[in-house]
Amino acid sequence: MQEIRLEPSWKTHLQNEFNKEYMQVLRSFLLTEKAAGKTIYPKGSEYFRAMDLTPFEQVKVVILGQDPYHGPGQAHGLCFSVRPDVRIPPSLVNMYKELQSDLGIPPARHGCLEHWAEQGVLLLNSVLTVEHKQAASHQKRGWEQFTDKVIAELNNKREGLVFILWGSYAQRKGQFIDRSKHLVLQAVHPSPLSANRGFFGSRPFSQTNDYLASRGLQPIDWQLPAI
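All figures in this text were calculated on a predicted structure; none of them were measured in a lab. (Residues numbered from 1 in each chain as written. Predicted model: local features only at pLDDT ≥ 70, side-chain atom pairs only at ≥ 80, totals over all residues. Heavy atoms only, no water.)

(A) Region of the structure containing the overall build of the protein. If you tally the helices and strands in the protein, you get 8 helices and 6 strands. In sequence order, the protein lays out its α and β elements as α-α-β-α-β-α-α-β-β-α-β-α-β-α. Taking 17 Å as the expected radius of gyration for a compact globule of 227 residues, we find that the protein reaches 17 Å, a close match to that expectation. C-alpha extents for the protein along the principal axes are approximately 50 × 35 × 30 Å. Going through the 227 residues of the protein one by one, you find that 55% of them count as buried. One way to put it: in the protein the 26 positive side-chain charges average out to a point 3 Å from where the 22 negative ones average out. (Helix = DSSP H or I, 4+ residues; strand = E, 2+ residues; numbered from the N terminus. Rg over C-alpha atoms; globule rule 2.2 N^0.38 Å. Buried < 20%, exposed > 50% of the residue type's maximum accessible area, 1.4 Å probe, protein only. Lys, Arg positive; Asp, Glu negative; His and termini not counted. Charge placed at Lys NZ, Arg CZ, Asp CG, Glu CD.)

(B) Main features of empty space enclosed by the protein. Here the structure, examined in full by the defined rule, presents 1 cavity of 30 Å³ or more. Quantified by volume, the largest cavity comes out at close to 30 Å³. Looking at the largest cavity, the residues that line it are Tyr47, Phe48, Arg49, Ala50, Met51, Gly77, Leu123, Leu124, Asn125 and Leu128. Looking at the lining of the largest cavity residue by residue, the classes come out as 7 nonpolar, 2 polar and 1 charged. (1 Å grid on protein atoms, 1.4 Å probe; cavity = no way out; pocket = protein on both sides within 12 Å on 5 of 7 lines; lining within 4 Å. Points joined across faces, edges and corners; volume = space filled by probe spheres on them. Nonpolar A, V, L, I, M, F, W, Y, C, P; charged D, E, K, R; others polar.)

(C) Region of interest: the side chain of histidine 76. Tracing the backbone through its elements, the reader meets histidine 76 in the loop between strand E2 (61-65) and helix H4 (90-103). What makes histidine 76 buried here is its relative accessible area of 2%. Here serine 81 takes part through its side chain, which lies 2.7 Å from a polar atom of the side chain of histidine 76. (Polar contact = N/O pair within 3.5 Å; in protein donor to acceptor, adjacent residues only side chain to side chain.)

(D) Inspection of the pattern of salt bridges at higher detail. Evaluation of the coordinates by the stated rule reveals 9 salt bridges. Glutamate 33 is paired through a salt bridge with lysine 38; the nearest N and O atoms lie 3.2 Å apart. Judged by relative accessible area, which is 11%, glutamate 33 ranks as buried. Of the charged contacts in the structure, one is a salt bridge between lysine 149 and glutamate 153, with a shortest N-O distance of 3.2 Å. Of this pair, lysine 149 and glutamate 153 are both found in helix H6 (residues 143-157), 4 residues apart, which corresponds to roughly one turn of the helix. Residue classification places glutamate 153 among the buried positions, given a relative accessible area of 5%. When salt bridges that share partners are traced, they join Lys149, Glu153 and Lys157 into one network. (Salt bridge = Lys/Arg side-chain N within 4 Å of Asp/Glu carboxyl O.)

(E) Molecular detail of the environment of asparagine 94. Relative to the helices and strands, asparagine 94 is located in helix H4. For asparagine 94, a relative accessible area of 7% gives the class buried. For asparagine 94 and alanine 195, which are 101 residues apart along the polypeptide, the C-alpha to C-alpha distance reads 7.3 Å. Discounting chain neighbours no more than four positions away, the residues touching asparagine 94 are Pro190, Ser191, Pro192, Ala195, Phe199 and Phe200. (Contact = heavy atoms within 4.5 Å.)

(F) Focus on the packing of H4 against helix H8 (residues 204-214). Interaxial distance between H4 and H8 falls to 8 Å at its minimum, and their mutual angle equals 55°. The pairing of H4 with H8 is recorded here as oblique in orientation. Facing Met95, Glu98, Leu99, Asp102 and Leu103 of H4, the residues of H8 in contact are Pro204, Phe205, Ser206 and Asn209. Within the contact of H4 with H8, the residues separate by chemical class into 5 nonpolar, 2 polar and 2 charged. (Axes fitted to C-alpha atoms, helices over the stretch in contact; angles between N-to-C directions. Parallel < 35°, antiparallel > 145°, perpendicular 65-115°, else oblique.)

Following this line, the structure appears as structure tokens:
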């Protein structure tokens, strides 16, 4: 992964992972796919964008996604987020609806969540790459093991974090999180297929801020600035 950039605090915690066999295999897989002319999202410099924007010691909240978006120009390394000029995806539309219901914040006109990331919201996908128009195409290639390590480091070496786990996939991945040290918020996925079965009304944004405030921490400003 020659193009890879990773924020220094994360390198301290994850450096050993890059030398492990599964990461060597993953690197070979990605290089082979690119050599075959396949388009991979996001671009290499953005594989670890979530961690670049949210250094280890600044993480307050973890929102766990599954795979990057697989359409042109969508994925930029943050789960649920798209570039400012890209149509807002349906799950994010529902997140905005819940945000308005929960905190009275009107929906943003764009889908770029970098403002959240810069305040300590780690927007982490389980799998960090995908092939163009091939949903879930890079699952079970090694990324899951890497992102398990990310979560384990936060679970073990930090206290008082909020883990937001939407849907059964995220909940399975986060089942080892220590609930005595961290707040874990669970609901169904915000996808239009499931949002009406318990995502709407789950109030994750106010619950997160109440918990942070109870620990003397600055709440998240969930209102996205105009771009």
